[in-house]
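What the coordinates show
Each chain is listed here by its residues.
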Amino acid sequence: MKRHASAHWEGGLKDGKGTVSTDSGVLDKQQYSFGTRFEDGKGTNPEELIGAAHAGCFSMALSMILGEEGLTADSIDTKADVSLEPVEGGFAITAVHLTLEASIPGADKASFEAAAEKAKQGCPVSKLLNADITLDATLKG
């Protein structure tokens, strides 16, 4: 299975601008630039998109793991904080911190934390990233 996305860029690093698109049309020439990546410019950036992909992938993986245990979540809310930092030779995504809040009828704290850790390790986006991935997981009453 392949998914397709594309990017277009014009100009130099700081004065240039680009767009990103997906075949699904969810992103259609969404603007990005130096300002949206390193400053507070309006638009998106690669790290934001990676964070969204990671949060979504993790949430689906957790849902699958819970289902294997006979549990269904009322809600799974995941936030991904992606760290882009200077390293020797440029910049790198050095870490992703996932913050999870979930409501899962019938789940106890230990089984919830084990399922969340398994999802963190096993989701395809986690496997892709060469970064320190951490997780704070909260099971809501």
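What this report covers is the structure whose coordinates are included nearby.

Rules behind the numbers
Residues numbered from 1 in each chain as written. Predicted model: local features only at pLDDT ≥ 70, side-chain atom pairs only at ≥ 80, totals over all residues. Heavy atoms only, no water. Salt bridge = Lys/Arg side-chain N within 4 Å of Asp/Glu carboxyl O. Helix = DSSP H or I, 4+ residues; strand = E, 2+ residues; numbered from the N terminus. Buried < 20%, exposed > 50% of the residue type's maximum accessible area, 1.4 Å probe, protein only. Pairing = 2+ DSSP bridges. Axes fitted to C-alpha atoms, helices over the stretch in contact; angles between N-to-C directions.

**Observations regarding the pattern of salt bridges**
Summed over the entire model, instances satisfying the criterion amount to four salt bridges. We note a salt bridge from Glu47 to Arg37, for which the minimum N-O separation is 2.6 Å. Here Glu47 is found in helix α2 (residues 46–68), whereas its partner Arg37 is found in helix α1 (residues 34–38), with ten residues between them in sequence. Since its relative accessible area comes to 8%, Glu47 is described here as buried. Note on Arg37: relative accessible area 35%, which makes it partly exposed. Lys79 is the salt-bridge partner of Asp81, the closest N and O atoms lying 4.0 Å from each other.

**Considerations on the sheet that holds strand β2 (residues 17–22)**
Read from one edge to the other, the open sheet built from three strands follows the order β1-β2-β3, with strand pairing classed as antiparallel. The two strands at the open ends of the sheet, each matched to only one other strand, are β1 (5–10) and β3 (30–33). For this sheet the average axis-to-axis angle between neighbouring strands, irrespective of direction, equals 25°. Sheet topology note: the β1/β2 ladder contains six bridges and is antiparallel. If you follow Ser6 over to β2, its bridge partner there is Ser21.

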